[in-house]
Amino acid sequence: MSGTAVLEQVPLFSQLAPAELQRVVDVARERTYPKNSVILFEDDPGDALYVVAQGQVKVVLIGEDGREVILSVLGQGEFFGEMALIDDEPRSAHVIAMEDSTLIVLRREDFQGILRQSPGIALALLKELSRRLRRVDEKVGSLVLLDVNGRVAQLLLELADEEGGERITRRLTHHTIAQMIGSSRETVSRTMRELVDRGLIEVSRKDITIRDRGALEAAAGRS
Ligand code: CMP
């Protein structure tokens, strides 16, 4: 897909008139990152905003003992790297390619210029930041209030909602899910098996399907 085609689909830029979008495309650069390469390092200064054109990246914190907590997984059309550009603080987390990924890169000055000229973009950015804050709130709540079973159920519901339905096509290993909910791979594998056995979800090679939303919501403490 071309850079223009990707940017057109990014909610952040969908506010722009065609000529304005073209200006963004003109100043943007495309870069590819192989699987497992670090795109941004926590604490580095921020000099660019990134949009995922193809592939998948994870936003992570890495402890001194090397353990990873995944704050978010971002796919096509999603952006990252905005925080350091907004508050002039260092990068808040590492961002690592989970698969070979192509990114569209906007330099700090270009992004800030676009923000200044287009209140629509500033509003879309605020909307996305609010959405991310809500997800962090949910995550903090689930870490404190739910057991692993509940946290897995909550994550599955969240991922299905993101795709607007009952299917999760995003590729996530049990190890990744464990890093997203603060658990171990073994526990996640056991929990997923139980959810399948109880008929709450169905797992195939390509996707995960929610079969009993009511029961999954109950497990996630939503009812
Ligand atoms: P920045 O701090 O510049 O660099 C790391 C980026 O990771 C950050 O901008 C955000 O784009 C992204 N990020 C940090 N925390 C979260 C989160 N909780 N959810 C989604 N994205 C995040």
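Residues numbered from 1 in each chain as written. Predicted model: local features only at pLDDT ≥ 70, side-chain atom pairs only at ≥ 80, totals over all residues. Heavy atoms only, no water.

Thoughts on the side chain of Glu82
Relative to the assigned elements, Glu82 resides in helix α3 (residues 82-87). Note on Glu82: relative accessible area 3%, which makes it buried. Looking at Glu82, its side chain comes within polar contact range of the side chain of Arg132, at 3.4 Å. (Helix = DSSP H or I, 4+ residues; strand = E, 2+ residues; numbered from the N terminus. Buried < 20%, exposed > 50% of the residue type's maximum accessible area, 1.4 Å probe, protein only. Polar contact = N/O pair within 3.5 Å; in protein donor to acceptor, adjacent residues only side chain to side chain.)

Comments concerning the site of the ligand
In the region of the ligand, 15 residues are neighbours, and Gly81, Glu82, Ala84, Arg91 and Ser92 sit closest. Contact between the ligand and Met83: an oxygen atom at 3.4 Å from a main-chain N or O atom of the residue. Taking Ala84, its main chain carries an N or O atom lying 2.9 Å from an oxygen atom of the ligand. Surface burial for the ligand is 93%, taken as the share of its 460 Å² of free accessible area covered by protein chains. Comparing atom positions with the cavity grids shows the ligand to sit within the largest pocket. Of all the secondary-structure elements, those providing two or more residues to the shell around the ligand are β5 (68-74), α3 and α5 (119-145). No other element matches the three residues that α3 contributes to the shell around the ligand. (Near = heavy atom within 4 Å. Areas by Shrake-Rupley, 256 points an atom, 1.4 Å probe, with all protein chains shown as cover. 1 Å grid on protein atoms, 1.4 Å probe; cavity = no way out; pocket = protein on both sides within 12 Å on 5 of 7 lines; lining within 4 Å. Sits in = over half its atoms within 2 Å of the grid points.)

Details of the pattern of salt bridges
Using the criterion set out here, one finds 21 salt bridges in the structure. The closest approach of N and O atoms between Glu128 and Arg132, which form a salt bridge, is 2.9 Å. Of this pair, Glu128 and Arg132 both sit in helix α5, four residues apart, which is roughly one turn of that helix. Residue class for Glu128 comes out buried when judged on its relative accessible area of 14%. Salt bridges sharing common partners tie together Glu78, Glu82, Glu128, Arg131, Arg132, Arg135, Glu158, Glu162 and Arg170. (Salt bridge = Lys/Arg side-chain N within 4 Å of Asp/Glu carboxyl O.)

Examining the environment of Val24
Examined against the element boundaries, Val24 turns out to sit in helix α2 (residues 18-27). Val24 sits in the buried class, given a relative accessible area of 2%. Excluding residues within four positions of it along the chain, Val24 makes contact with Leu7, Phe13, Leu16, Leu106 and Ile114. (Contact = heavy atoms within 4.5 Å.)

Some points on α2
All of the buried residues in α2 are Leu21, Val24 and Val25. Burial along α2 is one-sided: seen end-on, the buried residues are contained in an arc of 100°. (Arc of directions from axis to C-beta.)

Brief notes about the sheet that holds strand β1 (residues 29-33)
Read across the open sheet, the four strands follow the order β1-β8-β3-β6; overall the sheet is antiparallel. Pairing within the sheet leaves two strands with one partner each, and these edge strands are β1 and β6 (79-80). In this structure, strand β3 (residues 48-54) lies alongside strand β8 (residues 101-107), joined through six bridges in antiparallel fashion. Pairing of Ala48 across the sheet is with Arg107, part of β8. (Pairing = 2+ DSSP bridges.)

Side note on the pairing of β5
Judged from the six bridges that link them, strand β4 (residues 57-62) and β5 form a sheet pairing that is antiparallel. Among the inter-strand pairings, Lys58 is bridged to a residue of β5, identified as Val73.

Structural notes on unusual backbone geometry
Its identity as a non-glycine residue notwithstanding, Asn36 has a phi of 75°, on the positive side. Of the residues examined, Asn36 reaches a relative accessible area of 56% and is grouped as exposed.

Topic: the sheet that holds strand β9 (residues 167-168)
The three strands lie next to each other as β9-β11-β10, forming an open sheet whose pairing is antiparallel. Where the open sheet ends on each side, the last strands, each with one partner, are β9 and β10 (201-203). Judged from the two bridges that link them, β9 and strand β11 (residues 208-210) form a sheet pairing that is antiparallel. Within β11, the position partnered with Ile168 by the bridge is Ile208. Here helix α8 (residues 185-197) sits on the sheet and contacts β10 and β11; the angle it forms with β10, its principal contact strand, is near 115°. (Axes fitted to C-alpha atoms, helices over the stretch in contact; angles between N-to-C directions.)

No statement about biological role is implied by the geometric values presented.
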